[in-house]
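Descriptive structure summary
The residues making up each chain are set out below.
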Amino acid sequence: MNNAFLPIALACAVALVSAVGVILARRPVHAVVALLAHSLCVAALFLIMAADLVALGQVLIYSGAIVVLFLFVVALLPHGGIESVVPTGRVVSAVVAGAALLAALAAGLAVGAPTAPENPAGGVEAIGRSLFGPLIVPFELTAALLLVAIIGAVAIWRRQEPEPGAKASSRAASEGSLAHTADAPGATGRQRLLDEGGPAR
Amino acid sequence: MNVLASIPPPLGSVLILVLGTLVILLLTGRLSNSPTILATIGVLSLLGAALPAMGGDALTRVSVLGVVAAGLVGMLLVPSAELHNSTQRPEVAALILLGSTGAIVLATAGELLSAALGLETLSLSAAVLVALGRGARPLEAAFRYFVLAAISFAALVYGLGLLLLATGSFAWPRPGVVDPTYSYIWTIGVLLIGLGFAYKLAVFPLLWGPLDAYTAGAPGLAGFVMAASKIAAVVALARLAAGAAVPMAPILIGIGLVSIIWGTFGALAQREVRRMLAYSTVANAGLMALALGCGPEGRAAAIFFVVIYVLTILLAFAAMAGRGTGPLPFGEVRGEGLSATRALGLTLALLSLAGIPPTPGFWAKLAILDASWSALGFWPTLVAVIGGVAGVLYYLRPLPDLLALTRAHVSSAPAPAVWFAGAAVVVLGLAPGFAYAVARLAIGG
């Protein structure tokens, strides 16, 4: 058992707990915050495994960009932006967590910046060489996979959109209020598409 | 240097399919009102994709042609597909092309990382294709399919990691390359990868997602999902079993036998045609898994079986397309108003699935039983035979009603998909020896 065991076990445990939290959280905000904790834990795991670049990408792209995007979306939900009165316990725990984070950063700076390994396995050059060398075919094939994901997400969202000839109100009434709120922007977007492609009809 | 000549044949097919997808996506606004032009573009892309593969080896040719046939039937059914939102036909056509891309990549990939990406592309398109069917049930079925596909894909990725750890590369496993110290890790890795591939085949432990997807989706699209998945999964499992017979063969035989029993009892208990076909597909997947565990002869038999099975099931789904996504109870087949062409197509498909002699399904089952007999002996073959005989009991239940329908005069829209799949089944029934020779060539036996 080497000295990386405890950090790995800790990061794995928190990652598992936060992943379960994403699924079980009743409010979307809690799910997104749990997702943030999860992605930071995964970044820590990458860091322990000496894949610095991947860890950095995980923090920048997942924790930084994607989770914040989720938070914006949650804030735009009908009741997502409304915050109840903040209890004192939450303020205290936030202050403790912030202080702990500061202490950890200060301790890290006091120890000194870690020296880069001589020949990093997960460095930019190594990753670039494998992505555009032996792994070029799978790398390019991810394009098709991402295309499917985009088409799928848009198609499932557009699924409940009223058809041009149908009455929006009757369809929405049969599918409940959630569909109704989702329909409103969809209908206008679809109408705009139809107007642009007008002569084709 | 000629760049185009240096592209391997399957990648040429992939490029053409993705180009076709992009054309459809760019013209979505115009094509949503002209389904015939849409289907034409899709059919041309699929036919174009078959061309570069003809320069590859026999296994590439068989798998690409099988997937292209599945895509063609699905594409011909796009204009009449029962969608929740009928303006979504361009998306459906694009997903059929991308799903075919994934299936081709999974079946022909040179290393496992590409195969995994192909599998995920196929799974994701399949889930969305099922979800776009009419009503609320397809959405639920698609979600279940998607979650189970995600779990099996996670197993596949773990397997890839373990295999990379043991061998240092993503190459297809081969006997004798692994250090004995790592053979334990290598075995677990191979088994997890096999689990990921087996989900697409819908064998015993992983059958709930596919079962719902085949039952609830729009028939034409469910037929495509089933057909493309089965071909790609059988070819991928055949390549895996060829290189790693030691952990794979006994497990394939075991889950094959359990699937045959499970699928047969499940199909016998059903009261409607679509659910019965879905359960019987588990029994047939069991036959294929059994054959895949029986050495080179068995793998050739499995490829021969899957080509025939897939064309037959496509014919059955094409014949049922256009009547809605709901169930088709045995007692009400007569009142469904199927046209004579469709009733005849469904009859032919059911006869072939049951394995009645002049139809190709008979030769397919015979090949598998032959391979199982020579490799495994009496008892496993007896289970397979009983599964095959029980098939007659459930497949032929709607037959009297269908025969009555072939004499009725119900006019309906032309059904090119039924004609195409029907012609393929008839040709295979006339020349089964040729197909079997191709399958043996493909497996190198």
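Residues numbered from 1 in each chain as written. Chains lettered and ligands numbered in written order. Predicted model: local features only at pLDDT ≥ 70, side-chain atom pairs only at ≥ 80, totals over all residues. Heavy atoms only, no water.

1. Observations concerning the interface of chain B and chain A
What counts is decided by this rule: Any two residues having at least one pair of non-hydrogen atoms within 4.5 Å are treated as being in contact. In this description, buried area is defined as the sum, over both parts, of the accessible area (probe of 1.4 Å) that is lost when the two are combined. The salt bridge criterion pairs a side-chain nitrogen of Lys or Arg with a carboxyl oxygen of Asp or Glu, the two atoms within 4 Å. Whenever two N or O atoms come within 3.5 Å, that pair is a polar contact, provided that in protein one can donate a hydrogen and the other can accept it, and provided that, for residues adjacent in sequence, both atoms are side-chain atoms. Strands here are runs of E lasting at least two residues and helices are runs of H or I lasting at least four, both read from the DSSP assignment and numbered beginning at the N terminus.
In this complex, chain B contributes 34 residues to the contact, which on the side of chain A involves 24 residues. The contact between chain B and chain A buries some 2,600 Å² in all, and 70% of this surface belongs to carbon and sulfur atoms. Put simply, chain B and chain A have 1 salt bridge between them. Arg 158 of chain A is the salt-bridge partner of Glu 91 of chain B, the closest N and O atoms lying 2.7 Å from each other. Linking chain B with chain A are 7 residue pairs in polar contact (both at pLDDT 80 or more), by the criterion used here. At the level of elements, α1 (9-26), α5 (89-108), α6 (112-131) and α7 (137-167) of chain B are the ones that each hand at least two residues to the side of chain B that touches chain A.

2. Describing unusual backbone geometry
Residues and elements named next belong to chain B. Worth spelling out the cut-off: To sort residues, take the accessible area from a 1.4 Å probe on protein chains only and compare it with the maximum for the residue type: under 20% means buried, over 50% means exposed, and anything in between is partly exposed.
Non-glycine residue Ala 202 carries a positive phi angle of around 60 degrees. By secondary structure assignment, the location of Ala 202 is in the loop between α8 (183-201) and α9 (208-216). Overall, the relative accessible area of 1% leaves Ala 202 in the buried class.

3. Brief notes about the packing of aromatic side chains
All names here are of chain B. Definition in use: Any two rings among Phe, Tyr and Trp, with Trp reduced to its six-membered ring, count as a pair given centres within 6.5 Å; such a pair is stacked if its planes are under 30 degrees apart, edge-to-face if over 60, and tilted if neither.
For the structure shown, the criterion picks out 11 aromatic pairs over all chains. Taking 5.7 Å as the distance between ring centres and 45 degrees as the angle between the ring planes, the aromatic pair formed by Tyr 145 and Tyr 199 counts as tilted. Here Tyr 145 is found in helix α7, whereas its partner Tyr 199 is found in helix α8, with 54 residues between them in sequence. Comparing Tyr 145 with Tyr 199, the two get one shared label, buried. Grouping aromatic residues by their ring pairs yields a cluster made of Phe 204, Trp 208 and Trp 262.

4. A word on the side chain of Gln 58 of chain A
With respect to the helices and strands, the residue Gln 58 of chain A is situated in helix α3 (residues 52-76). Assessed through its relative accessible area of 12%, Gln 58 of chain A is described here as buried.

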